[in-house]
Amino acid sequence: MSYILTGAGANLISWLVLPTSSVSLGASGAVFGLFTISVLVKMSWDWRKILEVLILGQFVVDKVMEAARATTITGAALQVNNIAHVSGALIGAALVFVINRIPLSSNDDNPKASKDNKDKRS
């Protein structure tokens, strides 16, 4: 689902921003979105996770910044849709933010927890 949402969002933003004469094909917006999601989802205080985020995060940040620089400096960088790259990454970050805001289900919705509570009452 993340792949589809980041890809569709990146293509929509490209379609809105780029001139009507331009054609954009590919899945790079979705890939940048997935890179961003993979980095943000792995963030925690475990030292192994921090190391993993630093290594993968450096790659993602480098690629997103490279795409952003190419878009701002040259306007349209030689046949590469950098707008899709940046927007895919931003949509991926937004998805992680929105999903993290969704509250976890309560114990009433969890059948195992309900069974445990019934056992405790007996």
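An unreviewed UniProt entry annotates the protein as Peptidase S54 rhomboid domain-containing protein originating from Aegilops tauschii subsp. strangulata. Annotation of the protein in UniProt includes, under Subcellular location (unreviewed entry), the sentence "Membrane".

Novice: Looking at this structure, I do not really get the side chain of serine 87. What am I missing?
Specialist: Residue placement: serine 87 occurs in helix 4 (residues 82–101). Residue classification places serine 87 among the buried residues on the basis of a relative accessible area of 5%. A polar atom in the side chain of serine 87 sits 2.7 Å from the backbone oxygen of isoleucine 83. Beyond its immediate chain neighbours, meaning those up to four positions away, serine 87 contacts Ala10 and Ile13.

Novice: How do you make sense of the nonpolar core when you look at a structure like this?
Specialist: For soluble globular proteins, nonpolar side chains are generally found buried alongside one another. Phe32, Val39, Val60, Val64 and Ala89 together form the largest nonpolar core, which totals five residues. Residue assignment for this core shows that the elements contributing at least two residues are helix 2 (28–41) and helix 3 (47–74).

Novice: Would you take a moment to explain the side chain of threonine 6 for this structure?
Specialist: For threonine 6, the location among the structural elements is in helix 1 (residues 2–17). In this structure threonine 6 comes out as buried when scored by relative accessible area, which is 0%. Only 2.8 Å separates the side chain of threonine 6 from the backbone oxygen of serine 2, close enough to count as a polar contact.

Analysis parameters
Residues numbered from 1 in each chain as written. Predicted model: local features only at pLDDT ≥ 70, side-chain atom pairs only at ≥ 80, totals over all residues. Heavy atoms only, no water. UniProt positions renumbered as here; feature names shortened; annotations may be inferred. Helix = DSSP H or I, 4+ residues; strand = E, 2+ residues; numbered from the N terminus. Buried < 20%, exposed > 50% of the residue type's maximum accessible area, 1.4 Å probe, protein only. Polar contact = N/O pair within 3.5 Å; in protein donor to acceptor, adjacent residues only side chain to side chain. Contact = heavy atoms within 4.5 Å. Core = buried A, V, L, I, M, F, W, Y, C linked by side-chain atoms within 4.5 Å.

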